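Okay, here's what each chain looks like letter by letter:
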Amino acid sequence: MNHPPRRISLEDWDQRYAELVDAGLHEPAYGGPLRRHAESGDRRLTRLQLDNSAAALQLWNFLLTEEQRLRQAREVGWQILGTVKDLGTIPVMAYALRRVVAFYPDGAWWLPCLMEDQTRVLQTADSLGIDDSFCPVRAMLGAFANQAHFPLPDLLTCSVGATCDDVSALAQRLERMGHPILWWEVPHRRQPEPGEPAIPLPGGFHAPACQVALVQAELTRVRDALQAWSGQPLGDRQLRAGIGAANRVRKLLGELRWLGYTSEPCPLPALEMLVAEMLAIHFCSDQPESIHVLEQLLAEVRARVTAGLGVLPKHAVRVFWVNPVADLRVMNLLEDVGGRICGTEYLFCHALDLIPEDLPPLEALARCALADPMVGPPQDRSQRICREIRRFGAQAVVISRIPGASHCGLEGLVIADMVRDRLGIPVIEIEVPPITDALEPSLRTRLEALIELQKR
Amino acid sequence: MNTILYASPLVPVEWLAAHGVRPIWWRACDPRRIDAADCDVDRRGEPGSLLRGRRGVCPLAAAVVDSAARASASAVVLTTTCDQMRYAASWLQYQRRLPTFLMNVPSTWETETARSLYLAELERLSRLLVALGGTRPSNEALAEVMRDFDGARARLLGIRDRLLGRDLAAALITVRETAAPNEWPSVADSVPSSDCRPHHDLRQGGPLRLAMVGGPLSESDYGLFDWIEQAGGRIVLDATEWGERTLPRVFSAESTRRDPLSELADAYFGTIPDVFRRPNHMLYEYLSRELSARHVHGLILRRYLWCDLWHAEVAVLKACSPVPVLDLDASDSEASSSERTRGRIEAFLEMLP
């Protein structure tokens, strides 16, 4: 940690990378200067402020080489599983298999941002009748159609039921385009009725035992299909190992989030924290490496916290962020106006909760699937958000609406009302499209207003 | 008698009626009209939490919330068949002004797990109805109610070709509330007379035969039928969400006698083709069969803005349909678009081969 931590531009990273190499930087095979990603299409990097650590370099390189990793997997004969609308359940099962890699096709929603729309996946989606009244995840449809990004998976799974209509509708289109889908049901999580057996879920929710049993039956069906597809057994022994590995990721993220969101000054920028959290969903197509990347990042953060160093001025206003942003630049923007992230609910908080290891594996995974904040009512999600706000000591909340998303029309009202009612802290709602450049002045003004309000 | 407000064809009216409650189908004024008197209020009873017109909120879901919150019914029953309605139910539960039952209707339908969930939800609904003062029906009582409604639907479908579009649409709602035939418009009143026959017959052989598919049509949308008829068309298949498409199949007499609840579940959950189902090929099989059987000349898809489920199917319908398709989206401001809609309908009919 010869350089004090700070956020630097991609231009600055050119110099920084050279210095790190001169100092004997040891990189994995996917390593290299960040500049090359921008030159090969990820142009948004040129507009971002990035953490200057070697650990952050590795994180970005890991993230931005996923397509390459998937192609390499295909070349060496590994099977590829696409897990649509699945925030951290089926990938845990898939990574318990050998020579199988699972990825999250919905993740294509960041392509229009990262590539500043040069990829034309949104235009392709438009041409298929999926316009911008849909969530930006419509980029997934474009990516399947133009086949210029990830290799086509050998098998697709998709959870439906209590899921957003956008993804459900898009997945149906995928199937009609010739990509068979194994659909599995997740029911809307409801409160157990009086006298009805209730099961505790990770994250503090409860569900009726019958709902847990139902999801377990669905996961058994998926497990059977994965066994047949891969030609490998996927019994309790393998699943336990898979859960153990997933929990390793979740434990690392647990400590990283605690240090990242509570330490003063802020030890790691919001952007890198967001990318790190996303690894929980599908491990960026390489579970062992995702563990290594997180270990490096955590080591860096620990060192910074011990040294009392951070990337932002002390006493930045502590903001809790709800929903992931389609444009990564907005995470920079919050910090530019004097805020910092102190707690997040990026729609996959259940993928950060530890999976119970003292239960039959499929029951444990069923409980996790039902703990998905989007599966239940927004009241549940709001309660969890309130709890997390208290835990991290946030002073204000930003609800970042995803344009066109079927759940964003109404849930923001409940979350904002409950946060104001219970905690009495300010809440603003903003909407973040894949590229915010044209909206940046108004977004900046709204964020500034929130920050100024708390600084008084 | 307790009244239960509901708005989903996947909730069997027989199940509600057999419990001795009065099923009332949701009705409202134009779901796209923003009227201060209809404004929702927040949990503290203060006006302001207006859902209608809020970006991203389905106008129908917002209208259901607004009117359900003011309804005098004992409870409202909504379903998970679309995400917007699922969130609308949560909003009503959060407001706590009317008991709201959100029935889990699985999207998958080809597995025993899905069927068992649907049955379990009917049982859970039964517990609510009993708690509200209803009576759990015996098999015999349920079977009798099923036969009544089956008969009512058969009678209605028997005269459907003789009803005006708006009268058939209204009767298709009524038959989701009561099996009493005197609740329907009489055929004598409804058969298109010389006065109300299409004003602009484009063909000497009679009006153009059209089908309509898509999301729900509320009463305020029935003007569409009038415009179509005035433009020289006639809806011979109302396959919108609250139309003929979502009626259950005819009950098997033997299954009804043996296990009426199971037969009820099979007739509704097992056979109603809808856009939310995964996979949804049953919908296309239904359309293919019915468009052909009814010699349809053109298909109108009517959907609400922000309805992803129908919107995503527009391109597929256009590609699969054997006849031309007109895509009509209904926004929040119908007042400004109604003439546009009418013009598009007229142009569509003019260009039909």
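Described in the following lines is the structure provided in the data block.

Reading the values: the criteria
- Residues numbered from 1 in each chain as written.
- Chains lettered and ligands numbered in written order.
- Predicted model: local features only at pLDDT ≥ 70, side-chain atom pairs only at ≥ 80, totals over all residues.
- Heavy atoms only, no water.
- Helix = DSSP H or I, 4+ residues; strand = E, 2+ residues; numbered from the N terminus.
- Buried < 20%, exposed > 50% of the residue type's maximum accessible area, 1.4 Å probe, protein only.
- Contact = heavy atoms within 4.5 Å.
- Areas by Shrake-Rupley, 256 points an atom, 1.4 Å probe, with all protein chains shown as cover.
- Buried area = accessible area lost by both parts, 1.4 Å probe.
- Salt bridge = Lys/Arg side-chain N within 4 Å of Asp/Glu carboxyl O.
- Polar contact = N/O pair within 3.5 Å; in protein donor to acceptor, adjacent residues only side chain to side chain.
- Axes fitted to C-alpha atoms, helices over the stretch in contact; angles between N-to-C directions.
- Parallel < 35°, antiparallel > 145°, perpendicular 65-115°, else oblique.
- Left-handed = near helix turned anticlockwise from the far one by under 90°.
- Nonpolar A, V, L, I, M, F, W, Y, C, P; charged D, E, K, R; others polar.
- Pairing = 2+ DSSP bridges.
- Phe/Tyr/Trp six-rings, centres within 6.5 Å; stacked < 30°, edge-to-face > 60°.
- Right-handed = clockwise from strand over helix to strand, strands pointing away.

**Overview of the overall build of chain B**
Tallying secondary structure elements over chain B gives 14 helices and 8 strands in all. Looking at chain B as a whole, 63% of its 353 residues qualify as buried. Relative to all contacts within chain B whose residues are 6 or more apart in sequence, the contacts with residues 24 or more apart total 72%. Counting only carbon and sulfur atoms, one obtains 51% of the accessible surface of chain B, whose full area is about 13,100 Å².

**A few points about unusual backbone geometry**
Of the consecutive residues glutamate 264 of chain A and proline 265 of chain A, the connecting peptide bond is found in the cis state with omega at 0°. With an omega of -5°, the peptide bond between arginine 278 of chain B and proline 279 of chain B qualifies as cis. With respect to the helices and strands, proline 279 of chain B occurs in the loop between helix 10 (260-268) and helix 11 (281-293). A positive phi angle is found at phenylalanine 283 of chain A, which is not glycine, with a value near 65°. Residue placement: phenylalanine 283 of chain A occurs in the loop between helix 12 (270-282) and helix 13 (287-307). On the accessibility criterion, phenylalanine 283 of chain A (1% relative accessible area) is buried. Unlike most non-glycine residues, histidine 295 of chain B shows phi in positive territory, near 55°. Relative to the assigned elements, histidine 295 of chain B resides in the loop between helix 11 and strand 7 (298-304).

**Remarks on the interface of chain B and chain A**
Listed per partner, the contact involves 44 residues of chain B and 53 residues of chain A. Each partner contributes to the roughly 4,100 Å² buried at the junction of chain B and chain A, and carbon and sulfur atoms together form 52% of this total. The largest per-residue losses of area from chain B upon contact with chain A belong to Arg54, Tyr87 and Asp308 of chain B, which jointly make up 16% of the total buried on that side. Where chain B packs against chain A, one counts 2 salt bridges. Note that arginine 127 of chain B is salt-bridged to glutamate 193 of chain A, the shortest N-O span being 3.2 Å. On the surface where chain B and chain A come into contact, there are 17 residue pairs in polar contact (both at pLDDT 80 or more).

**Observations concerning the packing of helix 11 (residues 236-262) of chain A against helix 13 of chain A**
Residue and element names in this part refer to chain A. One way to put it is that helix 11 packs onto helix 13 with a least axis distance of 10 Å and a crossing angle of 25°. The angle between helix 11 and helix 13 falls in the class roughly parallel. Helix 11 and helix 13 meet at a crossing whose hand is left-handed. Facing Gly242, Ala245, Ala246, Arg248, Val249, Leu252, Leu253, Glu255, Leu256 and Leu259 of helix 11, the residues of helix 13 in contact are Gln287, Ser290, Ile291, Leu294, Glu295, Leu297, Leu298, Val301, Arg302 and Val305. By residue class, the composition of the contact of helix 11 with helix 13 is 13 nonpolar, 3 polar and 4 charged.

**Some details on the environment of methionine 103 of chain B**
Residues and elements named next belong to chain B. In this structure, methionine 103 sits in strand 4 (residues 100-103). In this structure the C-alpha to C-alpha distance between methionine 103 and arginine 86, which are 17 residues apart in sequence, comes to 9.1 Å. Excluding its chain neighbours within four sequence positions, the residues that come into contact with methionine 103 are Leu10, Val11, Leu78, Thr79, Thr80, Tyr118, Glu121, Leu122, Arg124 and Leu125.

**Some thoughts on the sheet that holds strand 3 (residues 75-79) of chain B**
Within a beta sheet, neighbouring strands are joined by backbone hydrogen bonds and run either parallel or antiparallel to one another. Residue and element names in this part refer to chain B. Overall, parallel pairing links the 4 strands, which are arranged 2-1-3-4 in an open sheet. Edge positions in the sheet fall to strand 2 (22-25) and strand 4, since each has one partner strand and no second. Each strand axis lies, on average, 25° off the axis of its neighbour in the sheet, ignoring direction. Two strands pair when backbone bridges link them, and strand 3 and strand 4 are joined in this way by 4 bridges, in the parallel orientation. Its bridge partner lying in strand 4, valine 77 is registered against phenylalanine 101.

**A few points about the pattern of salt bridges**
On inspection of all chains with the given rule, the structure shows 59 salt bridges over all chains. Among the ionic pairs, arginine 124 of chain B bridges to glutamate 193 of chain A, the shortest N-O distance being 3.7 Å. Taken together, the positions of arginine 124 of chain B in helix 4 (residues 112-131) and glutamate 193 of chain A in the loop between strand 6 (181-186) and strand 7 (198-200) put the pair across two chains. Each of the salt bridges in this network shares a partner with another, and the network as a whole consists of Arg7, Arg43, Arg44, Arg47, Glu116, Asp327, Arg329, Glu335, Asp336, Asp437, Glu440 and Arg444 of chain A.

**A short note on the environment of alanine 17 of chain B**
Residue and element names in this part refer to chain B. Along the polypeptide, alanine 17 turns up in helix 1 (residues 13-18). Assessed through its relative accessible area of 23%, alanine 17 is described here as partly exposed. Taking C-alpha positions, alanine 17 is 33 Å from leucine 291, a pair spaced 274 residues apart along the chain.

**Points about the packing of aromatic side chains**
Under the defined criterion, the tally for this structure stands at 14 aromatic pairs over all chains. Taking 5.1 Å as the distance between ring centres and 70° as the angle between the ring planes, the aromatic pair formed by phenylalanine 144 of chain A and phenylalanine 150 of chain A counts as edge-to-face. Both residues of the pair, phenylalanine 144 of chain A and phenylalanine 150 of chain A, count as buried. Ring geometry for tyrosine 346 of chain A and phenylalanine 348 of chain A: centres 6.3 Å apart, planes at 35°, overall tilted. Exposure class is identical for tyrosine 346 of chain A and phenylalanine 348 of chain A. Each is buried. These aromatic residues form a ring-pair network of at least three members: Tyr6, Trp25, Trp26 and Trp242 of chain B.

**Side note on the pairing of strand 12 (residues 427-431) of chain A**
All names here are of chain A. Where strand 11 (residues 396-401) lies against strand 12, 5 bridges are found, and the strand directions are parallel. By the bridge assignment for strand 12, serine 400 is matched with isoleucine 430. Read as a crossover between parallel neighbours, the route from strand 11 over helix 17 (residues 408-423) to strand 12 is right-handed.

**Observations regarding the pairing of strand 11 of chain A**
All names here are of chain A. Burial analysis of strand 11 places 6 of its 6 residues in the buried class, the great majority of the element. Every second residue of strand 11 is oriented toward a common face, with Ala396, Val398 and Ser400 on one face and Val397, Ile399 and Arg401 on the other, all of them buried. Of the strand pairs in this sheet, strand 9 (residues 317-322) and strand 11 are connected by 4 bridges, and their pairing is parallel. Bridging from a neighbouring strand, tryptophan 321 pairs with valine 398 of strand 11.

**Some points on the sheet that holds strand 11 of chain A**
Residues and elements named next belong to chain A. Taken together, the 4 strands give an open sheet; going across it, the order is 10-9-11-12, and neighbouring strands pair in parallel fashion. Pairing within the sheet leaves two strands with one partner each, and these edge strands are strand 10 (339-345) and strand 12. For this sheet the average axis-to-axis angle between neighbouring strands, irrespective of direction, equals 30°. Across 5 bridges, the pairing between strand 9 and strand 10 is parallel. Directly across from valine 319, in strand 10, lies its bridge partner isoleucine 341. Across the sheet, helix 14 (residues 329-336) touches strand 9, strand 10 and strand 12, and the angle it forms with strand 10 is around 135°. Relative to the sheet, helix 16 (residues 378-392) contacts strand 9, strand 10 and strand 11, its axis offset from that of strand 9 by approximately 155°.

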